[in-house]
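Each chain, letter by letter, is given below.
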Amino acid sequence: MSKPQSDIDKRKQISVRGIAQVEDVTEVKKTFNRHLHYTLVKDRNVATPRDYYFALAHTVKDHLVGRWIRTQQHYYEKDPKRVYYLSLEYYMGRSLQNTMINLGIQGACDEAMYQVGLDIEELEELEEDAGLGNGGLGRLAACFLDSMATLGLAAYGYGIRYEYGIFAQKIKNGEQVEEPDDWLRFGNPWEKARPEFMLPINFYGRVMDTPEGKKWVDTQIVYAMPYDNPIPGYGNNHVNTLRLWSAKSPIDFNLKFFNDGDYIQAVLDRNLAENISRVLYPNDNFFEGKELRLKQEYFMCAATLQDIIRRYKSSKFGTREAVRQDFKHFPDKVAIQLNDTHPSLAIPELMRILVDVEKLPWDEAWDVTVRTCAYTNHTVLPEALERWPVSMLESILPRHLQIIYHINFLHMENVKKKFPGDLDRMRRMSLVEEDGEKRINMAHLSIVGSHAVNGVAAIHSEIIKQEIFKDFYEMEPQKFQNKTNGITPRRWLLLCNPGLADIICEKIGEEWPVHLDQLVALKKWAKDPQFQRAVAKVKQENKLKLAQILEKDYGVKVNPASMFDIQVKRIHEYKRQLLNCLHIITLYNRIKKDPTANFTPRTIMIGGKAAPGYYMAKQIIKLICAVGNVVNNDPIVGEKLKVIFLENYRVTLAEKIMPAADLSEQISTAGTEASGTGNMKFMLNGALTIGTLDGANVEMAEEMGRDNIFIFGMTVEEVEALKQKGYNAYDYYNSNPDIRQCIDQIQGGFFSPGNPNEFKNIADVLLKYDRFFLLADYEAYIKAQDLVSKTYQNQSKWLEMAIHNIASSGKFSSDRTIAEYAREIWGVEPTWEKLAAPHEISN
Ligand SMILES: *Cc1c(COP(=O)(O)O)cnc(C)c1O
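Residues numbered from 1 in each chain as written. Predicted model: local features only at pLDDT ≥ 70, side-chain atom pairs only at ≥ 80, totals over all residues. Heavy atoms only, no water.

Draft legend 1. Seen up close, the sheet that holds strand S20 (residues 563-568). Sheet architecture is open: six strands sit in the order S22-S21-S20-S23-S24-S25, paired in parallel fashion. Edge positions in the sheet fall to strand S22 (641-646) and strand S25 (710-711), since each of these pairs with one other strand and no more. Bridge count between strand S24 (residues 688-691) and S25: two bridges; the pairing is parallel. The residue bridging Gly691 from the neighbouring strand is Ile711, located in S25. (Pairing = 2+ DSSP bridges. Helix = DSSP H or I, 4+ residues; strand = E, 2+ residues; numbered from the N terminus.)

Shown next as structure tokens:
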């Protein structure tokens, strides 16, 4: 299979990625050879492709370090308010190409590799994804880091350096098999360990009353070792830091064994302490109350807060010393953003430090804490909300439990004052849940301990105020805000879709990567046949490229002339991959019924990981594969319909899928998807969306107009009304023969001839236990899909709509999102400041 060279050619043409200057190319080649020789200790005779990748990565990193050091120096000297983003997940993907683009040296690197006879795209493929995230929440954190650096904010990401990221998904015999993600096996060229900033973290122990106040004593200590990762801004010579903590056992860990003389056992047990940062919990939108996870959350918060306070106190100006002693001005210098409740122990931990260590009076400490912290809610699904058993906190974090109880005592006093006699409201708003096993509601803690609480799309922020946190909204309405999510246009257009980026540059210039609003200017060419042809050509090339990958990696042949209809996201019942599946089965049944009828050929691709312990999600993957088996091997179907399960969906695969998609499936039950960001990636790359009025789909439809999107199904209000009335799936099953046929086939083993009962449980869920009302939306969905098919037949109309999609995606830049967080929550102003590049500085 010959590889299309067009992308490399495109990458060289435009200056948004950096023009290749002769001196720069020479410099890159020199540095590359030096690293091959001195860092990798290889010559061209024995070097492997991976050696070449590492040599190039180190070369690119060399271009970073001057800017990195200078940026940090700049922050130290200007001492602006620092923004701290705390997240248990960062779904970064690869760094090489992103770094080259943001530094403006991609052109030079492409040319240098060409001149030394290497295929740079092949080298890029050798980088492991940094898969330290599950899905949207982790990827959002990664997009935010890119935007914070690009807007010139003095921002830091803090998280955990998991030794094993999100598992690799293999499909074996039509089902998911998980493999550990040993991403650090060959080393990580981007990170820098900082042993000098290693910090002790306490666990267990007991609380002692002393004349000087409470003391947490007899604890077990684990060390937190920081690893710094550079976060380059786009074209502004800023490089921020993502600091990830790794657990290190103390030298004297398990002293008891030393005393017993069991030296070997003592050394072996050091692993126990270091297990804290071993592995990412693979749940998306699901709370699993495991002790190790609680330790991870506290480990991250405690290490990060020590670091924040150390930096706060170490201002270089003597005049600030006095101010820094009493912490009054802490909230003027520090903003802490909590990415969901996962890092919410930062609130009681900050209180512990201020009260127990710094000896602030409680009320002052509380004022400082609330003015510093802000909380982003990411889901309203009850099974995802963190509620830690009191018993677990009591043993692992006894002092924090006391602090949480005291926070709750004062909080309850406030509720009582505002709503006297409303005992039921007090029960609902308590941080402590008393029904059944006593638990702490971490969302309640986060709201009470923050000055700002935000949802991640307009509709989601309304649901928060009107439904799940209604009581808290009525108590403190001024806290509640909306910050609609976004994606970085650097990775999700410039990097992943060079063909589209180029034709956009030809039309509107090269500012759009930092001013995505400017895409709106493309609207005037929406009907222009020449521009439509250019957009169509790019899409076709991208589809061909994806088709070649599918053939090479999975051995499946697809027809690149068919509509690429794609749903990629974590597998979850609320995301309704099963509804997509019902559409596939419906199309199949139609073809079988009348093979000669007019049909718009589709390649339907579904991809995503199921949490290893989520039985139904794994069944859904099985069903998709089984349906694919039947459909793809039926000669009557032929080229009309292909069903493909995309194995191991991750950031790197998303970068290949988005540019090649014709149709984006965003079909969650209204009111369940907080925002979605996959929807935005598709839109920016010119796919049309079929979707419900859920999450950010609502605002996408507003931006592009309802004529340019296929909206279907119940609204949030209609879902609510159906819940009130009572949902009976059999109403739909009995009245719609197409539904009945699909379900009977699933139920009766049509797709599982070897095991007729295989999918009975799926039919059971659809008919009896369905919390997400699939059958209620089925008819509207099929109707919308039929309109999609009809529209696709009119390519000029389709392209006009696609251009409208691209042109309307400006709002969904994470630069816009971050500017809003900065002004409305953090109290900092984006500077968009450009620092001087190191070589532009004399001395
Ligand atoms: C963007 C992204 C997601 C989020 O997708 P949604 O459709 O918003 O759930 C998940 N995984 C990866 C790899 C992504 O890039």
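Back to the write-up after that little detour.
Draft legend 2. Broad picture of helix H20 (residues 458-468). Looking at H20, one finds that the buried residues are Ile459, His460, Ser461, Ile463, Ile464 and Lys465. Contacts made by the buried residues of H20 are with strand S18 (452-455), helix H21 (470-475), strand S19 (480-482), helix H29 (697-704) and helix H30 (716-725). (Buried < 20%, exposed > 50% of the residue type's maximum accessible area, 1.4 Å probe, protein only. Contact = heavy atoms within 4.5 Å.)

Draft legend 3. Quick look at a nonpolar patch on the surface. Residues Tyr263, Ile264, Val267 and Leu268 make up a contiguous nonpolar surface patch of about 400 Å² in total accessible area. Tracing the backbone through its elements, the reader meets Val267 in helix H9 (residues 263-268). For Val267, a relative accessible area of 36% gives the class partly exposed. (Patch = residues over 30% accessible without salt bridge, like charges linked within 9 Å, V, L, I, M, F, W, Y side chains within 5 Å. Areas by Shrake-Rupley, 256 points an atom, 1.4 Å probe, with all protein chains shown as cover. Salt bridge = Lys/Arg side-chain N within 4 Å of Asp/Glu carboxyl O.)

Draft legend 4. The packing of helix H24 (residues 529-554) against helix H35 (residues 795-807), seen in detail. The geometry of H24 relative to H35 is characterised by a closest axis approach of 10 Å and an angle of 85° between their N-to-C directions. In terms of orientation, H24 and H35 fall into the roughly perpendicular class. Two secondary-structure elements touch here, H24 through Phe531, Gln532, Val535 and Ala536 and H35 through Ser796, Leu799, Glu800 and Ile803. Partitioned by chemical class, the residues of the contact of H24 with H35 number five nonpolar, two polar and one charged. (Axes fitted to C-alpha atoms, helices over the stretch in contact; angles between N-to-C directions. Parallel < 35°, antiparallel > 145°, perpendicular 65-115°, else oblique. Nonpolar A, V, L, I, M, F, W, Y, C, P; charged D, E, K, R; others polar.)

Draft legend 5. Layout of the sheet that holds strand S16 (residues 432-433). Strand order in this open sheet of three strands is S15-S17-S16, and the pairing throughout is antiparallel. Taken across any chain shown, the strands that pair with only one partner, and hence form the sheet edges, are strand S15 (387-389) and S16. Here S16 pairs with strand S17 (residues 439-441) via two bridges, running antiparallel. Each residue of the ladder has a partner; that of Glu433, found in S17, is Arg439.

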